[in-house]
Amino acid sequence: MEHHQLELIFAVLFATILAQPLGRRLGQAPAVLMTAFGVVLALIPQVPTSRSTRN
């Protein structure tokens, strides 16, 4: 596993942990916040794309 993939995994894990309390505070469902986080993550050009290969 490469270094940038590990950073991406930690960023997604951190966002997942924060989605529940932040959703309660903002009055939104955590799934809505996770979708917004995914859209923002997809729009950042420096974030590497993750591809899976079939064996």
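Note: the structure precedes this text.
Residues numbered from 1 in each chain as written. Predicted model: local features only at pLDDT ≥ 70, side-chain atom pairs only at ≥ 80, totals over all residues. Heavy atoms only, no water.

## Quick notes on the overall build of the protein chain
Secondary structure summary: the protein chain contains two helices and zero strands in total. When each of the 55 residues of the protein chain is scored for burial, the buried share is 7%. Carbon and sulfur atoms provide 64% of the accessible area of the protein chain, an area that totals close to 4900 Å². (Helix = DSSP H or I, 4+ residues; strand = E, 2+ residues; numbered from the N terminus. Buried < 20%, exposed > 50% of the residue type's maximum accessible area, 1.4 Å probe, protein only. Areas by Shrake-Rupley, 256 points an atom, 1.4 Å probe, with all protein chains shown as cover.)

## Some thoughts on a nonpolar patch on the surface
On the surface, Leu 6, Phe 10, Leu 13 and Ile 17 cluster together into a nonpolar patch covering about 390 Å² of accessible area. When you line up the elements, Phe 10 lands in helix H1 (residues 3-26). (Patch = residues over 30% accessible without salt bridge, like charges linked within 9 Å, V, L, I, M, F, W, Y side chains within 5 Å. Salt bridge = Lys/Arg side-chain N within 4 Å of Asp/Glu carboxyl O.)

## Some points on the packing of H1 against helix H2 (residues 30-43)
The contact between H1 and H2 brings their axes to 8 Å, and the two run at 140°. When the axis of H1 is compared with that of H2, the two are oblique. Crossing of H1 against H2: the hand is right-handed. Counted together, Leu 8, Ala 11, Val 12, Ala 15, Thr 16, Ala 19, Gln 20, Leu 22, Gly 23 and Leu 26 of H1 and Pro 30, Leu 33, Met 34, Phe 37 and Leu 41 of H2 form the full contact between these two elements. Here the residues of the contact of H1 with H2 sort into twelve nonpolar, three polar and no charged. (Axes fitted to C-alpha atoms, helices over the stretch in contact; angles between N-to-C directions. Parallel < 35°, antiparallel > 145°, perpendicular 65-115°, else oblique. Left-handed = near helix turned anticlockwise from the far one by under 90°. Contact = heavy atoms within 4.5 Å. Nonpolar A, V, L, I, M, F, W, Y, C, P; charged D, E, K, R; others polar.)

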